[in-house]
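Chain and residue survey
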Amino acid sequence: MRPILGCIADDFTGATDLASQLVSAGMRTLQTIGIPQAPLEAGVDAVVVALKSRTIPAREAIEQSIQALDWLREQGCEQFYFKYCSTFDSTPAGNIGPVTEALMEALGTDFTVACPALPANRRSVFNGYLFANGVPLNESGMQDHPLTPMTDANLVRVLNAQTTRNVGLIDYATLRQGDAAVTARIDALKADGIGIAICDAIDNDDLFMLARACRDLPLVTAGSGLALGLPANVAERLDHTQDAARLEPIAGREAVLSGSCSRATLAQIEHARQHMPSVHLDAQALDDDYQGVVDAALEYAEGNLDAGPVLIYASASPEEVRRAQQRLGVQQAGELVERAMAEIAAELVGRLGVRRLLVAGGETSGAVVTALDVQGLRIGESIDPGVPWTTTLGTEEPLALALKSGNFGAPDFMTKAWKLMP
Ligand code: ADP
C-alpha cells in the first residue's frame, strides 16, 4: 500500500496538526521527524514530513523542502501539500513564496493554490484578506510576532512580494457558485499567467468545495484546514473497514515528562499531582549537581512506576523560571532542563520499561524525540485538539507517545490521556 498524499510541513506542531486532520478525515497517516534516511515501512495513505523551515534562510528552506519532496515521490505519493501556519507566518524574504515556487518547479506545474484558512481556529480568508479571531491579521497581535511580524492582511500582496510568480485570487463570490465555478476560475487564472491563487474560505464547507476543485492539482499549499476535504477526493482508494486512527496497542509502564512552563501546562500539573506520584526537577539544583538530581528523579520513578504513571516535571512558575534564568542565562537554563529531560526519557525507556510516555512542551518534545531516536509517528486518536496519541517508528521497540505543545490540552490532560490509550 503506497501513500497517496505527501505533505511537507514547515514546523513540528504544525505537522502534527495536519496529520491529525487527515486522520480525522479518514486517511491513515504517518508523520516523520525530518527527512527519513530509509524508505517507509508503514502502510499509510498520507505522510507528513515535519521540517523546521519556517524561519530559516529561504535557500535552506528550499533545499530541505525539495529533499522532502524527492523522498515523498520515492514513496509513491501522487499529490503534494505544502503546509504552513494558518496565520501565514513569513517575511518578505519567505519562506512561503520561495518554497512554493521551488516545489512547483520541481513538480513541473504552473499553478497552485494558497489557503491558510482554518475556520475551527477562527482563521478565515475573505477577498484575499486574512482574519484571525475576527480581526485583520495585522491587528491580531501577529504584527508584533518576534520572528515573522505580519503587518499586511492582504495575502495577494504579501505573497506577491515573496515570489516571482504572479499571484491571483479565487474570491468568495466565485466559491459560492460551486466547484465547477472554481475550476473555471482556475482555468481563467492560468490563461492570465497567474501561478498561485490565494483562496477565500470562511467555513469548512468552503474548504470542502475548494478541496474538490483541487483534485487534479499536483501541488496544494495551505494551513491544515484544506486537509479536511482532500481525503474525499480519493475516498474509493481508502480502506474504510479500518478506523484511520487505530494504532497497535502498546503495553508497558507509563510516565509524564514536562518541561513546558505555559499556563495550561501548569494547570495540568496541578491537577495531575493529585492523581499520580510526582517529582520536581529544580533548574538551579540541576546546575549545582546535575547527575545527583537526574539520578534522584530516576530512583523515585523506579520506586513508583509499578503503581501507574509517574510525573517528572521541571515546569515552574514565571517567578521561579525568572530566578533560574537570571542565575544561569535564558538559553542555558532552557538547554540544561532539556538535556535532563532527554536523559531521563532515555533511561525511563531503555532501563525502566516505560513504553507509554506523555511529553509536555514543544522544545522539550524535540529533545525527547531526538534522545529516543524516533524517526516517525503513526498518528492516532486525539486526546485534546491538536494532541494525538501516536506510536513510534525507528525506536528499538514501538512506544506510545503523545507530544503536547505548551498551550494545548484541558486541565485533566495528563490523567485522561491514559484512558484514551491505543
Ligand atoms: P512550550 O511548548 O510551553 O513553549 P517548551 O518545552 O517549548 O514548552 O519550552 C519550555 C522551555 O523552558 C524549555 O527550554 C525548558 O527546558 C525550559 N524550562 C523548563 N523548566 C524550566 C525551569 N524551571 N527554569 C528554566 N527553564 C525551564
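Cut-off values and rules
All residue numbers refer to positions counted from 1 along the written sequence of the respective chain. Whole-chain, interface and lining totals are the exception, using all residues; otherwise, since this is a predicted model, local features are given only for residues with pLDDT of at least 70 and side-chain atom pairs are given and counted only at 80 or more. Values reported for side chains reflect all heavy atoms of the structure, with hydrogen atoms and water molecules removed beforehand. UniProt positions are given in the numbering used here, feature names are shortened, and annotations may be inferred rather than shown by experiment. Joining through side-chain atoms within 4.5 Å is the link that ties buried Ala, Val, Leu, Ile, Met, Phe, Trp, Tyr and Cys residues into a set, and such a set is a nonpolar core. Residue exposure (1.4 Å probe, protein chains only): buried if accessible area is under 20% of the type maximum, exposed if over 50%, otherwise partly exposed. Helix and strand definitions follow DSSP, with helices as H or I runs of at least four residues and strands as E runs of at least two, each counted in order from the N terminus. Here the limits of each domain have been adopted from an automatic or database domain assignment. Here a residue-residue contact requires only that any non-hydrogen atoms of the pair lie within 4.5 Å. Values labelled buried area give the accessible surface lost by two parts on being combined, using a 1.4 Å probe and summing over both. The working definition used for a salt bridge is a side-chain nitrogen of Lys or Arg within 4 Å of a carboxyl oxygen of Asp or Glu. The term polar contact refers here to a pair of N or O atoms within 3.5 Å; inside protein, the definition further demands a hydrogen-donor-capable atom paired with an acceptor-capable atom, and it admits residues adjacent in sequence only when both atoms are side-chain atoms. Convention adopted: a line fitted to C-alpha atoms gives each axis, helices being fitted over their contacting stretch, and angles between N-to-C directions are expressed from 0 to 180 degrees. By convention the crossing between two helices is left-handed if the near helix lies anticlockwise of the far one by an angle smaller than a right angle, and right-handed if it lies clockwise. When residue character is reported, Ala, Val, Leu, Ile, Met, Phe, Trp, Tyr, Cys and Pro are called nonpolar, Asp, Glu, Lys and Arg charged, and the others, Gly included, polar. Any two of the Phe, Tyr and Trp rings considered here, Trp counted by its six-membered ring, make a pair once their centres fall within 6.5 Å; the pair's planes then place it as stacked at under 30 degrees, edge-to-face at over 60, or tilted in between. Placement of a positive charge over a ring is assigned whenever Lys NZ or Arg CZ falls within 6 Å of the ring centre and within 35 degrees of the normal to the ring plane. We call a residue near a molecule or strand when any one of its heavy atoms sits within 4 Å of it. Computed with the Shrake-Rupley method and a 1.4 Å probe, the accessible areas treat only the protein chains shown as cover for residues. The charge count includes Lys and Arg as positive and Asp and Glu as negative, but it does not include His or the ends of the chains. Here, a strand pair is defined by DSSP locating no fewer than two bridges between the strands.

- By the naming in an unreviewed UniProt entry, the protein chain goes by 3-oxo-tetronate kinase and is assigned to Salinicola socius.
- What UniProt records for the protein chain under Sequence similarities (unreviewed entry) is the sentence "Belongs to the four-carbon acid sugar kinase family."

So, the nonpolar core
- If you look at the biggest cluster of nonpolar residues, it comprises 124 residues, and the most contacted ones within it are Tyr81, Ile312 and Leu348.
- The element that contributes the greatest number of residues to this core is helix H13 (residues 330-350), accounting for nine residues.
- Viewed by domain, this core spans two of them, domain 1 (5-237) and domain 2 (253-420), each represented by three or more residues.
- Residues in contact with Ile312, not counting those within four places in the same chain, are Val256, Leu257, Ser258, Val279, Leu281, Ala297, Ala301, Met341, Ile344 and Leu348.

Section: the domain arrangement of the protein chain
- With domains assigned, the protein chain is organised as domain 1 (5-237) and domain 2 (253-420).
- Domain 1 puts 16 residues into the contact, and the matching count from domain 2 is 15 residues.
- Roughly 1200 Å² is buried in total at the junction of domain 1 and domain 2, and carbon and sulfur atoms are behind 66% of that figure.
- Applying the counting criterion to the domain 1 and domain 2 interface returns zero salt bridges.
- At the boundary of domain 1 and domain 2, one finds three residue pairs in polar contact (both at pLDDT 80 or more).
- Where the side of domain 1 that touches domain 2 is concerned, the elements lending two or more residues are helix H1 (12-24) and strand E2 (29-33).

Some remarks on the packing of helix H2 (residues 58-74) against helix H3 (residues 96-107)
- The geometry of H2 relative to H3 is characterised by a closest axis approach of 9 Å and an angle of 40° between their N-to-C directions. Handedness of the H2/H3 crossing: right-handed. Between H2 and H3, the contacting residues are Ala58, Ala61, Ile62, Ser65, Ile66, Leu69 and Arg73 on the first element and Pro98, Val99, Ala102, Leu103, Ala106 and Leu107 on the second.
- Here the residues of the contact of H2 with H3 are counted per class, giving eleven nonpolar, one polar and one charged.

A look at the packing of aromatic side chains
- Per the stated rule, a full pass over the model turns up four aromatic pairs.
- Taking 5.2 Å as the distance between ring centres and 80° as the angle between the ring planes, the aromatic pair formed by Tyr84 and Phe88 counts as edge-to-face. Taken individually, Tyr84 and Phe88 each receive the classification buried, so the pair is uniform in this respect.
- Joined through ring pairs, the aromatic side chains of Phe82, Tyr84 and Phe88 make up one cluster.
- The ring of Tyr290 has Arg339 sitting right over it, with the charged end atom 4.0 Å from the ring centre.

A short note on the site of the ligand
- Taken together, 20 residues form the shell around the ligand, and within it Ser260, Glu338, Glu363, Thr364 and Gly406 come nearest.
- Here Glu338 contributes a side-chain N or O atom positioned 2.5 Å from an oxygen atom of the ligand.
- In the environment of the ligand, an oxygen atom lies 2.8 Å from a nitrogen or oxygen atom belonging to the backbone of Gly406.
- For the ligand, whose unbound accessible area comes to 570 Å², protein coverage reaches 82%.
- Listing elements by their share of the shell around the ligand, those giving two or more residues are helix H12 (318-328), H13 and helix H14 (362-371).
- Among the elements that line the shell around the ligand, the one with the most residues is H13, at four residues.
- A class-by-class count of the residues in the shell around the ligand yields eight nonpolar, ten polar and two charged.

Brief notes about the UniProt feature "domain: Four-carbon acid sugar kinase nucleotide binding" (unreviewed entry) in the protein chain
- Listed under "domain: Four-carbon acid sugar kinase nucleotide binding" (unreviewed entry) in the UniProt record, and renumbered for this structure, are residues 255-414.
- As a span, residues 255-414 carries 48% helix and 24% strand, and end to end its C-alpha atoms are 10 Å apart.

What about the side chain of Lys83?
- Note that Lys83 resides in strand E4 (residues 79-83).
- Look at Lys83: it is buried, it has no salt bridge, and the nearest opposite charge is Asp17 at 4.8 Å.
- Those residues within four positions of Lys83 in sequence are excluded, and the remaining contacts are Ile8, Ala9, Asp10, Gly14, Leu18, Ala222, Gly223 and Ser224.

Looking at the sheet that holds strand E7 (residues 129-132)
- Read across the sheet, three strands follow the order E6-E7-E8 without closing on themselves; strand pairing throughout is antiparallel. The sheet terminates laterally at strand E6 (123-126) and strand E8 (135-136), the two strands that pair on one side only.
- Sheet analysis places E7 next to E8, joined by two bridges and oriented antiparallel. Residue pairing in the sheet places Phe131 in a bridge with Pro136 of E8.

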